[in-house]
Amino acid sequence: MALSFDLGRQLDAQLRQAAEGLAAFSNDFAPEVRPADPRFGDFQANGVLAFAKKAKANPRQLATQLVDALIALDGFSGALVQPKKGEPTPPPNGIDYSIEIAGPGFINFRASTGVLAQWLGDFRDEDAFKKGASSRFEGRKIIIDYPSPNTAKQMHIGHLRPMVIGEAVARILEFCGANVIRDNHIGDWGTNFGTLIMAIKREGVDLGALGDNGLPEIERLYKLGTALEKEDPAVRDISRNELVQLQQGDAENTAIWQQIVALTNLVFEKTYARMGVTPDVTLGESFYCDKVDRIYTELTECGIAEESDGALVVWHDEVKKFARDNERPYPFNIRKQDGASNYGSTDLATVLYRVEHFKADEIVYITGGPQQDHFEQLFLTVDKWFTCKDYSKPQLEHVWFGTILGEDGKAIRTRSGESIQLASLLDEAVARASKMAAEKTKSPDLTDEEKAAIAEAVGVGAVRYADLSQNRTQDYVFAWDKLLAFEGNTAPYLQMQGARIHSILRKLGLQPGEGEEGASALETDTELALARKLLNFPVALEMAISDLRPHHLCTYLFELAGAFSSFFSADHVMVDEPDIKARRVMLCARTLAALETGLHLLGIQTLQRM
RNA sequence: GGGGGAGUAGCUCAACGGAUAGAGCAGCGGUUUUCUAAACCGUUGGUUGCGGGUUCGAUUCCCGCCUUCCCUGCCA
C-alpha cells in the first residue's frame, strides 16, 4: 500500500470512501481521525459517535459496519481485532493496521512495524517532508502582512511578536505548499509625520547629518512635537497642516519624509536580517495614498459609506457592537474630517491591490489583539464592497497575539517610559547564552567564531521559542529568567538534542541517511514510541495550520525531542549487531530531519555542535 | 454600556466535544569508568474560578455570576 505523508488524512479519506458504500452513512459523515493515546493505538476515529448521535443509531453497530467496509476496500490492509485492556494487539503478519472498536464506538488503528518502516523510508529528510506536505495548499496564493512596523521609531520589544510569529506562520504555510508573499506594510504615512515635520522644521534639524543611526534623534523630535502640541493647540494645527501638505505632494515635506523613511529602513534591515525576516515586498501606507480615492468613490456608489460628523464612515448595524444607535456609536472610519486618509482607507485599498495585482486567494494579518475590532470592520466592509462590485473575495484572516507585559503585569509602553530596545534584548540573550555555553559545553575545542555563532543561535532561538511556544493569544510577562531559562520546553533543549544526534552520526562517520541498510524491524518500547512520534509530524503541522498557532508545532517538537532522548538513553546505537545498529541510526537520522525541519519552520537555527 | 483575552498542580503553561486532565520548572528519590547529564528514570502535587444546562461523554459548547487585564470613531 502506498503511504501518504499524513497517514491520518489517508485513513480519513479511506474511511470516507468506505462509508460511501454504506446505506447507514450519509455524505456529512466526518471520520475525525486524530492521533490516539499510545495505549489505544496510533490513530483513532471518533466521528462515528457524533454521527450516530445525529442519526439516532447504535454507534458500535455503525462502527462495525464501517470497519468491515474499510477492510474490504481495495488498497487498504487491515484486520479487526478484539480490544484488550492495556497494550493493543499488533496487526497480524502482512497486515498494515490492526483495528479495534472500543468503548462507546471509538475506532482505534495500530500501524504495523512494516508500515512504520515504510513511512520512515519514504519520508527521509526535509525535502521529502516538504514534498509530502505541499499538497495541503497546492500553490494557494497567500499574502502575509507582517512585520509592518511604523517608520520613525526604533524597534523595541513590542516588535518581537509580529516578526517571530509572522515568520513562523509564513514558513509553515510555504512549507505546506502555499505561494506566500511576505508583504511588509510599513506605517510610513500616519499623522505622526505631521508632528515630526513640524518638530524638524521648528528645531532646524538636518536629517542628512544624523548618520545611519538617527532614529533616537527622530524619536526625540517626535516626543518633543507631541509635547508641544499638548501645550499649544495652535501647534497641533501646524502639524496637521504639515501632514496635509505632505499628502498633497509638497516638495519640501516629501523630501523630509523620504529621508525619514530611508533612514528607518536602513536600521530595520539589520534587525530583519538578524531575525531571519525577509519581506518579499515592502508596500507601506504611502504606496496606497493615491489609491484611496477609488475607495471613497466605490464605497459611496455602493451605498456602503456615508458622511458622519464630516468624516466618511461605514456602519455595520447588523453587528451589535458596531451599530449606530448604540450608546457609543462605533463606525468604521475611512476618511477623516480634514479629508485625510487613515488606516481604514489604506487597508481597504491594500486589500484591493493584493487581489487585483497579486491575485491573492488569502490575506493573513499579523497584529496585536487590540486591533481585532478594526479588522472585523475591515473584513465586513470588504465583504459588502466586493459583493457590490462583484470582485473576487479573498479569505481574510486576522492572526492576533497577546501583549508582552512587564514584571508589574502591565503592557510595556512605547511612548511613555523606557521600553526595552529589541537589539539590546537580543544582545543580552546572546550574552547569557554565551555564558551558559561556557559552563556547559561538551565541545571545548570550538573556535571563538564557532562559539559566537552558537551563542547567537541559542540566545536568539531561546527568545523566539519562548514567544512561539505558548498560545499566541495569551499575554505573557517578559522576564529574563523566564525567557532565558534553558531547561524544559525551550529552544536550547531542542537544539541540544539535534547536536547530540549530529554527534553520534559524526562518531560513526555517517551523513544523515547513510548506514541504514539492513535495518531490522523496530522492537524496543523506546524505539517504537519514537517512531510513532515521528509519524505525527504531519499532524503537528496540520494543527499549527488550522488556526495558525505555531505553538502546536513547538509542543510536538518538544515531545519528539523527549521521545528521542528517552530512546537515546535506553537504546545504545553503537552496538555490534549490524541490523540493530542500522535501525537505530535510521531513527537518529529521521528524528534529526523532523527536528531540524520543525525548528527551521519556527525560524530557529539548528546546530551541529554545542 | 458594548466587545475581547485570561482564570487548570506551589509557579509558567498544554489539552482540535472523547477514554484515567498532561508537560516543564520548583520539591523529593535515583541514574554517568558506556554514543553530548543543557540529559534520562521514578515520585509528590488537581472540586479545571463559582452555579446551572445541553449528552453516551464537558477544561472544551450554552446561560448566569465572580476576579483580572485590554479595547471601545477620525494614531496604526
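Bear in mind that the values here come from a model prediction, so they are computed numbers and not experimental data. (Residues numbered from 1 in each chain as written. Chains lettered and ligands numbered in written order. Predicted model: local features only at pLDDT ≥ 70, side-chain atom pairs only at ≥ 80, totals over all residues. Heavy atoms only, no water.)

1. Some details on the overall build of chain A
Logical step 1: When its secondary structure is counted, chain A shows 21 helices and 14 strands.
Logical step 2: The C-alpha extent of chain A, read off along each of the three principal axes, is 85 × 70 × 40 Å.
Logical step 3: Across the 610 residues in chain A, those meeting the buried criterion constitute 52%.
Logical step 4: Counting only contacts in chain A whose residues sit at least 6 apart along the sequence, the fraction spanning at least 24 positions is 74%.
Logical step 5: By element, 49% of the accessible surface of chain A is carried by carbon and sulfur atoms, the whole surface being about 27300 Å².
Logical step 6: Of the side-chain charges in chain A, 65 are positive and 87 negative, and the distance between the mean point of each set is 4 Å. (Helix = DSSP H or I, 4+ residues; strand = E, 2+ residues; numbered from the N terminus. Buried < 20%, exposed > 50% of the residue type's maximum accessible area, 1.4 Å probe, protein only. Contact = heavy atoms within 4.5 Å. Areas by Shrake-Rupley, 256 points an atom, 1.4 Å probe, with all protein chains shown as cover. Lys, Arg positive; Asp, Glu negative; His and termini not counted. Charge placed at Lys NZ, Arg CZ, Asp CG, Glu CD.)

2. Examining helix 17 (residues 491–508)
Side chains of residues three or four places apart in an α-helix project in the same direction, reflecting 3.6 residues per turn.
Logical step 1: Compared with the 26 Å implied by 1.5 Å per residue over 18 residues, the 26 Å span of helix 17 between its first and last C-alpha is a close match.
Logical step 2: When we look at burial in helix 17, the residues that qualify are Ala491, Pro492, Leu494, Gln495, Gln497, Gly498, Ala499, Ile501, His502, Ile504 and Leu505.
Logical step 3: Downstream of helix 17 by one or two residues, Gly509 has phi in the positive range, about 70°. (Expected span 1.5 Å × (residues − 1).)

3. Brief notes about the sheet that holds strand 8 (residues 305–308)
Logical step 1: Pairing within the open sheet is antiparallel, and its three strands lie in the order 8-9-10. This sheet does not close on itself; its edge strands, each paired only once, are strand 8 and strand 10 (332–335). For this sheet the average axis-to-axis angle between neighbouring strands, irrespective of direction, equals 45°.
Logical step 2: Relative to strand 9 (residues 311–314), strand 8 is paired through four bridges, and the arrangement is antiparallel. (Pairing = 2+ DSSP bridges. Axes fitted to C-alpha atoms, helices over the stretch in contact; angles between N-to-C directions.)

4. Description of the packing of aromatic side chains
Logical step 1: Applying the stated criterion across every chain yields a total of 29 aromatic pairs.
Logical step 2: For the ring pair Phe129 and Phe537, a centre distance of 5.2 Å and an interplane angle of 50° mean the geometry is tilted. Placement of Phe129 in helix 5 (residues 126–133) and of Phe537 in helix 19 (residues 537–546) is noted, with a sequence separation of 408 residues between them.
Logical step 3: A relative accessible area of 1% places Phe129 in the buried class.
Logical step 4: Between Phe537 and Tyr556, the aromatic rings sit 5.8 Å apart at their centres with planes inclined by 45°, giving tilted as the arrangement. Remark: Tyr556 occurs in helix 20 (residues 551–570) and Phe537 occurs in helix 19; sequence separation between them is 19 residues. The exposure classification of Phe537 matches that of Tyr556, with both residues buried.
Logical step 5: One aromatic cluster is present, formed by Phe5, Trp119, Phe123, Phe129, Phe537 and Tyr556 through successive ring pairs.
Logical step 6: The ring of Tyr296 is capped by Arg335, whose NZ or CZ atom sits 4.8 Å from the centre of that ring. (Phe/Tyr/Trp six-rings, centres within 6.5 Å; stacked < 30°, edge-to-face > 60°. Lys NZ or Arg CZ within 6 Å of the ring centre and 35° of its normal.)

5. Overview of the side chain of His316
Logical step 1: Within the secondary structure, His316 is located in the loop between strand 9 and strand 10.
Logical step 2: Only 2.7 Å separates the side chain of His316 from the side chain of Lys384, close enough to count as a polar contact.
Logical step 3: Once residues within four sequence positions are removed from consideration, His316 is found in contact with Phe322, Ala323, Gln377, Leu380, Thr381 and Lys384. (Polar contact = N/O pair within 3.5 Å; in protein donor to acceptor, adjacent residues only side chain to side chain.)

6. A few points about the protein's contact with RNA strand B
Logical step 1: Around RNA strand B, the surrounding shell holds 70 residues, and the nearest of these are Glu285, Lys336, Ser503, Lys507 and Phe568.
Logical step 2: Sugar and phosphate atoms represent 51% of those atoms of RNA strand B found within 4 Å of the protein.
Logical step 3: Between RNA strand B and Tyr493 there is a distance of 2.8 Å, counted from a phosphate oxygen to a side-chain nitrogen or oxygen.
Logical step 4: Sorting the residues of the surface near RNA strand B by element identifies strand 1 (33–35), helix 2 (47–55), strand 5 (106–111), strand 9, helix 14 (422–440), helix 17 and helix 20 as the ones contributing at least two each.
Logical step 5: When residues of the surface near RNA strand B are assigned to their parent elements, the largest contribution, eight residues, is made by helix 17.
Logical step 6: Class assignment of the residues belonging to the surface near RNA strand B gives a composition of 25 nonpolar, 26 polar and 19 charged. (Near = heavy atom within 4 Å. Nonpolar A, V, L, I, M, F, W, Y, C, P; charged D, E, K, R; others polar.)

7. A closer look at the side chain of Asn108
Logical step 1: On the secondary structure map, Asn108 appears in strand 5.
Logical step 2: Residue Asn108 is classed as buried on the basis of its relative accessible area, which comes to 3%.
Logical step 3: For Asn108, the contacting residues outside a window of four places in its chain are Phe40, Phe43, Gln44, Ser98, Ile99, Glu100 and Ala102.

8. Description of the state of the cysteines
Logical step 1: Following the criterion strictly, the structure yields one disulfide and no others.
Logical step 2: The residue that forms a disulfide with Cys302 is Cys388, at a sulfur-sulfur distance of 2.0 Å. Where Cys302 bonds to Cys388 through sulfur, the torsion about that S-S bond is close to -85°, and the disulfide is left-handed. With a gap of 86 residues between them, Cys302 in the loop between helix 11 (292–301) and strand 8 and Cys388 in helix 13 (residues 372–389) connect regions that are remote in the sequence.
Logical step 3: The cysteine Cys176 is free of any disulfide, with Cys554 supplying the nearest cysteine sulfur at 15 Å. (Disulfide = S-S within 2.5 Å.)

9. Examining the nonpolar core
Logical step 1: Core analysis: the largest hydrophobic core is formed by 148 residues, its most contacted members being Leu66, Phe109, Trp119, Ile144 and Leu173.
Logical step 2: Formed by 31 residues, the second largest nonpolar core is a distinct cluster that contains Ala305, Leu312, Ile334 and Val355. (Core = buried A, V, L, I, M, F, W, Y, C linked by side-chain atoms within 4.5 Å.)

10. Things to note about the sheet that holds strand 11 (residues 362–368)
Logical step 1: Spatial strand order, 7-6-11-12: four strands in an open sheet with parallel pairing. Both edges of this open sheet fall to strand 7 (179–183) and strand 12 (395–401), since each of them pairs with a single strand only. With direction set aside, neighbouring strand axes in the sheet form an average angle of 20°.
Logical step 2: Relative to strand 12, strand 11 is paired through seven bridges, and the arrangement is parallel.

11. Some thoughts on the environment of Glu242
Logical step 1: Assignment of secondary structure puts Glu242 in helix 9 (residues 233–247).
Logical step 2: As for Glu242 and Leu196, which are separated by 46 residues in sequence, their C-alpha atoms are 9.0 Å apart.
Logical step 3: When near neighbours in sequence (up to four residues on either side) are disregarded, Glu242 contacts Gly194, Ile197, Met198, Lys201 and Asn253.

12. Some words on the UniProt feature "domain: DALR anticodon binding" (unreviewed entry) in chain A
Logical step 1: Here the UniProt-annotated "domain: DALR anticodon binding" (unreviewed entry) positions come out as residues 494–610.
Logical step 2: The distance separating the terminal C-alpha atoms of residues 494–610 is 11 Å; by composition the span is 68% helix and 0% strand. (UniProt positions renumbered as here; feature names shortened; annotations may be inferred.)

13. Some thoughts on the layout of surface pockets
Logical step 1: Space inside the second largest pocket adds up to approximately 570 Å³.
Logical step 2: Along the wall of the second largest pocket there are 23 residues; nearest its centre are Ala36, Pro38, Arg532, Lys533 and Asn536.
Logical step 3: Of all the secondary-structure elements, those providing two or more residues to the lining of the second largest pocket are helix 18 (525–535), helix 19 and helix 20.
Logical step 4: Of all the elements, helix 18 adds the most residues to the lining of the second largest pocket, at six residues.
Logical step 5: Residue classes in the lining of the second largest pocket are distributed as eleven nonpolar, four polar and eight charged.
Logical step 6: The two domains that each donate at least three residues to the lining of the second largest pocket are domain 1 (7–111) and domain 3 (422–601). (1 Å grid on protein atoms, 1.4 Å probe; cavity = no way out; pocket = protein on both sides within 12 Å on 5 of 7 lines; lining within 4 Å. Points joined across faces, edges and corners; volume = space filled by probe spheres on them. Domains from an automatic or database assignment.)

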